[in-house]
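Survey of secondary and tertiary structure
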Amino acid sequence: MKRGTIITLVAIVLFGALLLFNTLSAQKVECSVCVEYNGKRNCATASHENESDARQAAQTTACGTLTNGMNDAIACGRVTPVSAQCKTR
């Protein structure tokens with residue numbers, strides 16, 4: 001392999017590692033939320049910088065398979081979760 005190719009590959013790997021580190025280090029709280037909507041139940045897990053955002057992201061994800069259309073998605077997002085557990089990473 002040529003020297004320039006090796007340097008390019010190393011630079012790409014280092015850049016990818018930096019992006020991965022920055023993304024994962026920002027995710028400080030992980031929440032698991034279970035939602036019941038229209039007689040169906042689903043659970044999801046999400047992580048974020050703070051608890052409220054992690055909880056909201058998990059609820060939005062859980063509602064994704066339970067709803068059809070924007071009105072249902074908004075209504076499901078406002079439902080009180082059946083269960084919610086958060087932990088700090």
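Now for a quick tour of the structure. Values in this document were obtained by computation on a predicted structure and should not be read as measured data.

**Considering the sheet that holds strand β3 (residues 83–88)**
- Pairing within the open sheet is antiparallel, and its 3 strands lie in the order β2-β1-β3. Of all the strands in the sheet, just β2 (40–48) and β3 have a single pairing partner and so form its edges. Across the sheet, the mean angle from the axis of one strand to that of its neighbour is 10°, orientation sign disregarded.
- Summarising the sheet, strand β1 (residues 29–37) and β2 pair through 9 bridges and their orientation is antiparallel.

**Digging into the pattern of salt bridges**
- Inspection of the entire model under this criterion finds 2 salt bridges.
- Note that Glu30 and Lys87 form a salt bridge whose closest N and O atoms lie 3.8 Å from each other. Placement of Glu30 in strand β1 and of Lys87 in strand β3 is noted, with a sequence separation of 57 residues between them.
- Residue Lys87 is classed as exposed on the basis of its relative accessible area of 51%.
- Put simply, Glu51 and Arg55 hold a salt bridge, and the shortest N to O gap is 2.7 Å. With Glu51 and Arg55 both in helix α2 (residues 51–64) and 4 residues apart, the pair spans about one turn of that helix.
- Note on Glu51: relative accessible area 42%, which makes it partly exposed.
- With a relative accessible area of 29%, Arg55 lands in the partly exposed category.

The rules behind each value
- All chains use their own residue numbering, which begins from 1 and follows the written sequence.
- Reporting in this predicted model follows two pLDDT cut-offs: at least 70 for local features of residues, and 80 or more for side-chain atom pairs to be given and counted; totals over whole chains, interfaces and linings ignore these cut-offs and use all residues.
- Side-chain descriptors were evaluated using all non-hydrogen atoms of the structure, hydrogens and water having been removed beforehand.
- By definition, two strands form a pair when at least two bridges between them are found by DSSP.
- Helix and strand definitions follow DSSP, with helices as H or I runs of at least four residues and strands as E runs of at least two, each counted in order from the N terminus.
- Lines fitted to C-alpha atoms define the axes, with helix axes restricted to the stretch in contact, and inter-axis angles between N-to-C directions lie between 0 and 180 degrees.
- Salt bridges are defined by distance alone: a side-chain nitrogen of Lys or Arg within 4 Å of a carboxyl oxygen of Asp or Glu.
- To sort residues, take the accessible area from a 1.4 Å probe on protein chains only and compare it with the maximum for the residue type: under 20% means buried, over 50% means exposed, and anything in between is partly exposed.

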